[in-house]
Amino acid sequence: MDSTLDRARANAAKKALEHVLEAEVIGVGTGSTVEKFIEVLSSRREELRDKLFVASSIDTMVKLKRAGFKVLHTSTIEQIDVYIDGADEVDRELNMIKGGGAALTMEKLLTFFSRKRVFIVDYTKLVKNLCEKHPIPIDVLPEAVLMVYNYLDSRGYNPVIRYSVRGKYGPVVSDVGGVIIDIKPRLFNPAELERELKSIPGVIETGLFIGLADRVIVGYEDRVEELIK
Ligand code: 5RP
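Residues numbered from 1 in each chain as written. Predicted model: local features only at pLDDT ≥ 70, side-chain atom pairs only at ≥ 80, totals over all residues. Heavy atoms only, no water.

One can read the domain layout of the chain as domain 1 (3-128 + 210-228) and domain 2 (136-205). Between the C-alpha centres of domain 1 and domain 2 the distance comes to 24 Å. Broken down residue by residue, the surface that domain 1 buries against domain 2 is led by Ala102, Leu104 and Thr105, which jointly contribute 41%. For the pair domain 1 and domain 2, the interface holds two salt bridges. As a salt-bridge pair, lysine 108 and glutamate 194 come within 2.7 Å of each other at their nearest N and O atoms. Seen at the junction of domain 1 and domain 2, the total is six residue pairs in polar contact (both at pLDDT 80 or more). At four residues, the largest contribution of residues to the side of domain 1 that touches domain 2 is made by helix α4 (residues 104-112). Taken together, the residues of the side of domain 1 that touches domain 2 break down into six nonpolar, six polar and two charged. (Domains from an automatic or database assignment. Buried area = accessible area lost by both parts, 1.4 Å probe. Salt bridge = Lys/Arg side-chain N within 4 Å of Asp/Glu carboxyl O. Polar contact = N/O pair within 3.5 Å; in protein donor to acceptor, adjacent residues only side chain to side chain. Helix = DSSP H or I, 4+ residues; strand = E, 2+ residues; numbered from the N terminus. Nonpolar A, V, L, I, M, F, W, Y, C, P; charged D, E, K, R; others polar.)

Strand pairing in a sheet takes place through backbone hydrogen bonds and is either antiparallel or parallel in direction. With antiparallel pairing, the three strands of this open sheet are ordered in space as β5-β6-β12. Each edge of the open sheet carries a strand with a single partner, namely β5 (89-90) and β12 (208-209). Bridge count for strand β6 (residues 96-97) against β12 is two bridges, and the pairing is antiparallel. In the sheet register, methionine 96 faces β12, and the bridge partner there is phenylalanine 209. (Pairing = 2+ DSSP bridges.)

Listed below in structure tokens is the structure:
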């Protein structure tokens, strides 16, 4: 990866550490920026030894366990003190698109049930309007994939079933067993679109995160900027 971006992500990840020091139960998202955050956690392993972690994906669970942390299964969790995650796009109102790594369903679950939600991104993730660079992922029940696809197509949302590029033949299957459909609607109101998508039977979850971030830490090569709700 471009070393400027790498440094920007690392700076955002370092800044996030201060939000977990007082927490008992820490939720951790998925992706390359989160990977930087896990590196930061690892560098403070002794201090964080008694913390309990809950992971938004198999990938993050494996990385946290390999780094020597205690990871609880999500089903045993009632409340998360703080959640740290990345994002694909963030607008100035802190609405976000997530799910580039197909972990959107667990990520939204952990975000919603956390007392404090902090997102870490590099500066390239800031956009004026959502869907500028990234499509919106939708996690769909496999049994409903064609019906949901056809509905989204009829609405003019330009759906594309996400295919695996390596290691698996066929569609990407999410950690909760869904098929990912990416959509690229033209002009839309994020909150209204979210309501519509969530009303479609067969849609497990969407990658639109509306009003769910308390704080976004934006990393640059040499500094961070904090956007607060
Ligand atoms: C995974 C996500 C990630 O947080 C998002 O894709 C950002 O990833 P990265 O930090 O690698 O750019 O939503 O489902």
